[in-house]
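Structural features, examined
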Amino acid sequence: MSTTSPVADQHVKTCCNFAATSQIIAIAICAFVILYAIISSLRCFLGRRMETDNMLSPPEPPGLNPTLVAALPMYRYTHQGRGDVPEPECAICLSEVNEGEEVKLLPVCMHLFHKDCIELWLEKKRTCPVCRTGVIQSPGQDQEMQ
Ligand SMILES: [Zn+2]
Ligand SMILES: [Zn+2]
């Protein structure tokens, strides 16, 4: 009895008989099961990754970065040099901006608001309450435009 007889020989001999056919079917089923397992685990992995991505990335704050808000130009409003132009109205609290009140000017659209009003607003929004223009053009937007 030769121990070197390769298993492949047996396969060739039993080719097309029931044993070989059932072996092929078994292999096919195995392959299918493995493939199915791989696909479902991949799906699971991808799905979980997307979930964890959502969970891990901190919830995007709806408002503007407080540092950027603080960096907005702030000054005391003065009516001097404005002639007959009526006092500007703060669109947030709907009251007039009076002489000597602290105001902030949005650098992009140049709209004027009370400092406290716009700071509260920008905790929740990133756009001008009047014209909806972005308060600050983010570096990301600049890159997209290039
Ligand atoms: Zn106001
Ligand atoms: Zn504006």
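Residues numbered from 1 in each chain as written. Chains lettered and ligands numbered in written order. Predicted model: local features only at pLDDT ≥ 70, side-chain atom pairs only at ≥ 80, totals over all residues.

Labelled according to an unreviewed UniProt entry, the protein appears under the name RING-type E3 ubiquitin transferase, originating from Rhynchospora breviuscula. Within the UniProt record for the protein, the comment given under Sequence similarities (unreviewed entry) is "Belongs to the RING-type zinc finger family. ATL subfamily." (UniProt positions renumbered as here; feature names shortened; annotations may be inferred.)

**A closer look at unusual backbone geometry**
Within the chain, leucine 94 stands out as a residue other than glycine whose phi angle is a positive 60 degrees. Considering the arrangement of structural elements, one finds leucine 94 in the loop between strand E1 (74–76) and strand E2 (102–105). The backbone phi angle of arginine 132 is positive, close to 65 degrees, even though this residue is not glycine. (Helix = DSSP H or I, 4+ residues; strand = E, 2+ residues; numbered from the N terminus.)

**So, the sheet that holds E2**
Strand order in this open sheet of three strands is E1-E2-E3, and the pairing throughout is antiparallel. Whereas interior strands pair on both sides, the edge strands pair on one side only; in this sheet they are E1 and strand E3 (112–114). Neighbour-to-neighbour, the strand axes of this sheet turn through a mean angle of 40 degrees, independent of strand direction. Across the sheet, helix H4 (residues 115–122) lies against E1, E2 and E3, angled at about 95 degrees from E3, the strand it touches most. (Pairing = 2+ DSSP bridges. Axes fitted to C-alpha atoms, helices over the stretch in contact; angles between N-to-C directions. Contact = placed C-beta atoms within 7 Å.)

**Looking at the nonpolar core**
Listed in full, the twelve residues of the largest apolar core are Leu64, Val69, Tyr77, Cys90, Val103, Leu106, Phe113, Ile118, Trp121, Leu122, Cys128 and Val135. A per-element tally of this core places H4 first, with three residues. Aside from chain neighbours lying at most four places away, what touches leucine 64 is Val69, Leu122, Arg126, Val135 and Ile136. (Core = buried A, V, L, I, M, F, W, Y, C linked by C-beta atoms within 7 Å. Buried ≥ 20, exposed ≤ 12 C-beta atoms within 10 Å, placed from the backbone.)

**Comments concerning H4**
Listing the buried residues of H4 in full gives Ile118, Glu119, Trp121 and Leu122. Considered in projection along H4, the buried side chains sweep an arc of 160 degrees and stay on one side of the axis. If you follow the buried residues of H4, they end up packed against helix H3 (66–71), E2 and E3. (Arc of directions from axis to C-beta.)

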